[in-house]
Amino acid sequence: ISGMITIDPGYKNTGSCESAITFLDGEKGILRYRGYSIEELAEKAEFLEVAYLLIFGHLPNKEELERFHNDIKAESHVDEEMKKILDGFPKSAHPMGVLSSLTSALVAFNPGSVNVSSEKDMYWAIVKILAKFPVLVAWTLRKKKGLPLDYGDDSLGYVENIHKMMFKKPNHKYETNKIVIDALDKLLILHADHEQNCSTSTVRIVGSSHAGLYASLSAGISALWGPLHGGANQAVLEMLEAIEADGGDTKKYMAKAKDKNDPFRLMGFGHRVYKNFDPRAKIIKVAAEEVLADLGIDDPILEIAKGLAKEALEDKYFVDRKLYPNVDFYSGIIYRALGIPTEMFTVMFALGRLPGWIAQWREMRLKSEPIGRPRQVYTGEKQRPFVCLENR
Ligand code: SDX
């Protein structure tokens with residue numbers, strides 16, 4: 001059998017499926033959701049519209065969008081028992097680990113979300129997680145801050161409601177502004193799907209065993225947590241803060257990133273598919289400058305980031321390896337300006353990627369894809385006789 005199998009570490013040259021959801025062109029820096037360019041969607045659409053587009057394949061009309069949002073509002077309660085699971089975590093727990101656990105725990109309170117034999121069952125399992133995951137995100141943040149765990153306000157838009165659940169203070173009138181909500185909405189759209197990346201492939205392979213949507217999403221959240229994947233947005237901010245603490249010495253970090261004996265990588269740089277530029281990074285860079293200016297924030301970290309990007313553009317090591325800023329490089333700068341704690345950055349990535357994971361899981365289930373089970377080339381011991389303990 002080993003003669004027929006070729007190993008492809010990290011599946012760099014292996015296609016896992018046919019999909020009609022997201023199109024990437026790594027050379028031209030193109031990203032489209034169901035045929036619509038990311039530039040147009042980021043500018044003209046709202047996150048909930050994009051979620052609907054990714055999952056069901058077309059932009060919803062007014063009536064479809066309203067019904068979708070109303071169905072989500074109707075399911076936005078979370079069983080109070082879930083708070084006991086949240087209570088079990090120390091305050092120091094990383095929110096990605098908490099949310100992966102809470103997402104898996106949701107199965108116990110929504111058993112109908114597992115055996116989704118009809119599209120109707122699938123629809124309700126999808127609506128419930130789109131409704132409840134933001135509540136769990138808000139509760140996780142509020143638990144860390146010692147704030148009461150409550151709900152948002154169904155009279156608000158989907159993203160504004162998320163912001164209110166995360167940030168409203170007891171005994172204070174909830175205040176926000178359009179700049180903040182629009183920036184958050186745009187960031188969630190930019191993270192919504194990205195074809196067969198590590199966490200989406202994880203959702204697909206776990207879902208291929210028919211373990212259910214929430215178990216598959218819980219696994220996807222864990223995969224996204226890694227610093228080589230979604231965890232990079234937190235690692236970028238920590239790296240930029242370290243450079244700032246080092247007096248802005250970007251050259252030192254560039255040298256470390258190029259030193260093969262140093263495990264340090266320039267976080268937020270490089271991409272498996274984009275070998276030119278990540279179109280999302282271009283949009284987020286502009287948005288970061290606009291949001292900080294609109295909010296009157298002068299954050300030296302943005303200047304350090306821009307300096308690093310400029311230096312890498314002129315550095316042979318990075319140019320030869322086609323390493324450019326990716327989606328994670330500038331996003332943390334906006335999250336920070338919006339008052340989101342660094343530890344929650346990857347959670348914001350998960351919040352954005354949720355509809356993409358759902359869309360990919362739904363496509364895989366509707367096509368009745370077979371269970372994922374790759375082969376291997378065996379390189380271990382030949383057959384050998386057992387030796388009893390006293391003779392070893
Ligand atoms: C995301 O797949 C997706 O679509 C992911 C994502 C999505 O939307 O789902 O776009 C989101 O995960 C973006 C990536 C976030 N990760 C980081 O920013 C972490 C830093 N980047 C790297 O770890 C790396 O670039 C990856 C993980 C993004 C891509 O890894 P690959 O494709 O496996 O590339 P590689 O590790 O084989 O690197 C090729 C070369 C190596 O050097 P050589 O052995 O050829 O000499 O480039 C070097 C690497 O050492 N390299 C880097 C580097 N990234 C690659 N060197 C220094 N700093 C880096 N950031």
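Just so it is clear, the structure is predicted and the values come from calculations on it, not from any experiment.

How each quantity is defined
- Residues numbered from 1 in each chain as written.
- Predicted model: local features only at pLDDT ≥ 70, side-chain atom pairs only at ≥ 80, totals over all residues.
- Heavy atoms only, no water.
- Helix = DSSP H or I, 4+ residues; strand = E, 2+ residues; numbered from the N terminus.
- Buried < 20%, exposed > 50% of the residue type's maximum accessible area, 1.4 Å probe, protein only.
- Contact = heavy atoms within 4.5 Å.
- Pairing = 2+ DSSP bridges.
- Near = heavy atom within 4 Å.
- Polar contact = N/O pair within 3.5 Å; in protein donor to acceptor, adjacent residues only side chain to side chain.
- Areas by Shrake-Rupley, 256 points an atom, 1.4 Å probe, with all protein chains shown as cover.
- Nonpolar A, V, L, I, M, F, W, Y, C, P; charged D, E, K, R; others polar.
- Core = buried A, V, L, I, M, F, W, Y, C linked by side-chain atoms within 4.5 Å.
- Expected span 1.5 Å × (residues − 1).
- Axes fitted to C-alpha atoms, helices over the stretch in contact; angles between N-to-C directions.
- Parallel < 35°, antiparallel > 145°, perpendicular 65-115°, else oblique.
- Left-handed = near helix turned anticlockwise from the far one by under 90°.
- Bend = angle between axes of the 7 residues up to and from the residue.
- UniProt positions renumbered as here; feature names shortened; annotations may be inferred.

## Observations concerning the overall build of the protein chain
Okay, so step 1: Scanning the protein chain for helices and strands turns up 17 helices and 3 strands.
Okay, so step 2: Along the first, second and third principal axes, the C-alpha set of the protein chain runs to 75 × 55 × 50 Å.
Okay, so step 3: The 392 residues of the protein chain split such that 50% are buried.
Okay, so step 4: Restricting the contact set of the protein chain to residue pairs at least 6 apart, pairs at least 24 apart contribute 76%.

## What to know about the pairing of strand β1 (residues 22–25)
Okay, so step 1: Pairing analysis gives 4 bridges linking β1 to strand β2 (residues 30–33), with the strands arranged antiparallel. From the neighbouring strand, Thr-22 faces β2, where its bridge partner is Tyr-33.
Okay, so step 2: As consecutive antiparallel partners, β1 and β2 are separated by 4 residues, and within that stretch Gly-29 has a phi angle of approximately 65°, a positive value.

## Side note on the site of the ligand
Okay, so step 1: Around the ligand lies a shell of 25 residues, among which His-194, Arg-265, His-271, Arg-272 and Arg-280 are the nearest.
Okay, so step 2: Leu-228 is positioned such that a nitrogen or oxygen atom in its backbone is 2.9 Å from a nitrogen atom of the ligand.
Okay, so step 3: Residue His-271 places a side-chain N or O atom 2.6 Å away from an oxygen atom belonging to the ligand.
Okay, so step 4: With the chains in place, 79% of the 1100 Å² that the ligand exposes on its own is no longer accessible.
Okay, so step 5: When grouped by side-chain class, the residues that make up the shell around the ligand number 10 nonpolar, 7 polar and 8 charged.

## Here's the deal with the nonpolar core
Okay, so step 1: Judged by nonpolar contacts, the single largest core of 119 residues is most densely connected at Tyr-33, Leu-240 and Ile-333.
Okay, so step 2: At 15 residues, helix α6 (residues 119–145) tops the list of elements feeding residues into this core.
Okay, so step 3: The residues touching Ile-333, leaving out its near neighbours within four places in the chain, are Leu-237, Leu-240, Ala-288, Leu-292, Ile-301, Leu-302 and Ala-305.

## Some details on helix α10 (residues 213–225)
Okay, so step 1: Taking 1.5 Å of rise per residue, the 13 residues of α10 would be expected to cover 18 Å, and the 18 Å separating its terminal C-alpha atoms lies within 8% of that figure.
Okay, so step 2: Along α10, the residues classified as buried are Leu-213, Tyr-214, Ser-216, Leu-217, Ser-218, Gly-220, Ile-221, Ala-223 and Leu-224.
Okay, so step 3: Turning to α10, the residues buried within the fold contact α5 (95–109), α6, α9 (198–207) and α17 (345–366).

## With respect to unusual backbone geometry
Okay, so step 1: Of note, the phi angle at Asn-171 is positive, near 65°, even though the residue is not glycine.
Okay, so step 2: Residue placement: Asn-171 occurs in the loop between α7 (158–167) and α8 (178–190).
Okay, so step 3: What makes Asn-171 exposed here is its relative accessible area of 82%.
Okay, so step 4: One non-glycine residue with positive phi stands out, namely Glu-195, at about 45°.
Okay, so step 5: Structurally, Glu-195 can be placed in the loop between α8 and α9.
Okay, so step 6: Take Glu-195: its relative accessible area is 26%, and that puts it in the partly exposed class.

## Points about the packing of helix α3 (residues 62–74) against α6
Okay, so step 1: It is at 8 Å that the axes of α3 and α6 come closest, and there the two elements cross at 70°. Comparing the axis directions of α3 and α6 gives the class roughly perpendicular. The interaxial crossing formed by α3 with α6 has right-handed handedness. Contacts from Arg-67, Phe-68, Asp-71 and Ile-72 of α3 reach α6 at Tyr-123, Trp-124, Val-127, Leu-130 and Ala-131.
Okay, so step 2: Split into classes, the residues belonging to the contact of α3 with α6 amount to 7 nonpolar, no polar and 2 charged.

## Notes on the sheet that holds β2
Okay, so step 1: Here we have 3 strands laid out as an open sheet, ordered β1-β2-β3, and antiparallel in their pairing. A single partner strand is all that each edge strand has here, and the edge strands are β1 and β3 (36–37).

## With respect to the side chain of Glu-64
Okay, so step 1: Relative to the elements of secondary structure, Glu-64 occurs in helix α3.
Okay, so step 2: Discounting chain neighbours no more than four positions away, the residues touching Glu-64 are Tyr-52, His-58 and Leu-59.

## Points about the environment of Phe-167
Okay, so step 1: Tracing the chain through its elements places Phe-167 in helix α7.
Okay, so step 2: Linking Phe-167 and Ala-74, residues 93 residues apart in sequence, is a C-alpha distance of 22 Å.

## Brief notes about α17
Helical periodicity: at 3.6 residues per turn, an α-helix aligns residues three or four positions apart in one direction.
Okay, so step 1: For α17, which comprises 22 residues, the first-to-last C-alpha distance of 32 Å matches the rise-based estimate of 32 Å (1.5 Å per residue) to within 8%.
Okay, so step 2: Remark: the principal bend of α17, roughly 45°, maps to Arg-353, with a proline, Pro-355, within the next four residues.
Okay, so step 3: Counting buried positions along α17 yields 21 of 22 residues, so the element is predominantly enclosed.
Okay, so step 4: Once α17 finishes, Ser-368 follows within two positions and takes phi at roughly 50°, a positive value.

## Side note on the UniProt feature "active site" (unreviewed entry) in the protein chain
Okay, so step 1: When the UniProt feature table is mapped onto this chain numbering, "active site" (unreviewed entry) sits at His-271 and Asp-328. These annotated residues cover 58 residues of sequence, but their C-alpha atoms sit close together, with the largest distance between any two at 10.5 Å.
Okay, so step 2: By the element assignment, His-271 lies in the loop between α12 (250–258) and α13 (279–294).
Okay, so step 3: At a separation of 2.9 Å, a polar atom in the side chain of His-271 contacts the main-chain amide nitrogen of Val-273.
Okay, so step 4: Mapping Asp-328 onto the fold places it in helix α16 (residues 327–337).
Okay, so step 5: Apart from the residues lying within four places of it in its own chain, the contact partners of Asp-328 are His-229, Gly-230, Ala-232, Asn-233, Val-236, Gly-268 and Phe-349.

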